[in-house]
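One letter stands for each residue in the lines below.
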Amino acid sequence: VKETLEWRQALAVWQLHACVLMPDHLHVLATVPACTNLARAIPDAKRYVARHAGVLWQRDFHDRRLRLDEHYDAKLEYLRLNPVRAGLATCPEDWPYLWTW
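These notes cover the structure that comes with them. Being a predicted model, the structure only gives us computed values, none of them experimental.

Focus: the environment of Tyr48
Alright, step 1. Counting through the fold element by element, Tyr48 comes out in helix H2 (residues 38-53).
Alright, step 2. For the pair formed by Tyr48 and Cys91, sequence separation is 43 residues and the distance between their alpha carbons is 31 Å.

Details of the nonpolar core
Across soluble globular proteins, nonpolar side chains have a tendency to be buried as a group.
Alright, step 1. With ten residues, the main nonpolar core is built from Leu5, Val13, Trp14, Leu16, Cys19, Leu38, Ala41, Ile42, Ala45 and Trp99.
Alright, step 2. Of all the secondary structure elements, the ones that give two or more residues to this core are strand S1 (15-21) and H2.
Alright, step 3. Of all the elements, H2 adds the most residues to this core, at four residues.
Alright, step 4. Leaving out residues up to four positions away in the same chain, Ala41 has contacts with Arg8, Val13, Trp14 and Thr36.

Points about the state of the cysteines
Alright, step 1. Applying the stated criterion across every chain yields a total of zero disulfides.
Alright, step 2. Looking at the unpaired Cys19, the closest cysteine sulfur is the one in Cys91, lying at 18 Å.
Alright, step 3. Look at Cys19 and you get buried, because its relative accessible area is 0%.
Alright, step 4. Note on Cys91: relative accessible area 27%, which makes it partly exposed.

Calculation rules
- Residues numbered from 1 in each chain as written.
- Predicted model: local features only at pLDDT ≥ 70, side-chain atom pairs only at ≥ 80, totals over all residues.
- Heavy atoms only, no water.
- Helix = DSSP H or I, 4+ residues; strand = E, 2+ residues; numbered from the N terminus.
- Core = buried A, V, L, I, M, F, W, Y, C linked by side-chain atoms within 4.5 Å.
- Buried < 20%, exposed > 50% of the residue type's maximum accessible area, 1.4 Å probe, protein only.
- Contact = heavy atoms within 4.5 Å.
- Disulfide = S-S within 2.5 Å.

What follows is the structure in structure tokens.
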């Protein structure tokens, strides 16, 4: 999953900031250029991971656009605390599938 996200970053599909992979979902915080079509980019990435890693994804995805810098900090903290809230880690740094760029 991480390699696929980074490969698409190298292709300028998005600029990654943080990601947390959970047992049943994935959160990504990224800046997306206006030229990126998320309706195409996300399914392409999911399809690639499904073929190469055997991940079964939910059919759709949900995107949220952040308009103010203070929202970024709140979303980053929400993302970081996701494994803690789920009881998978005692602190964000203990979760091996939390990546920041």
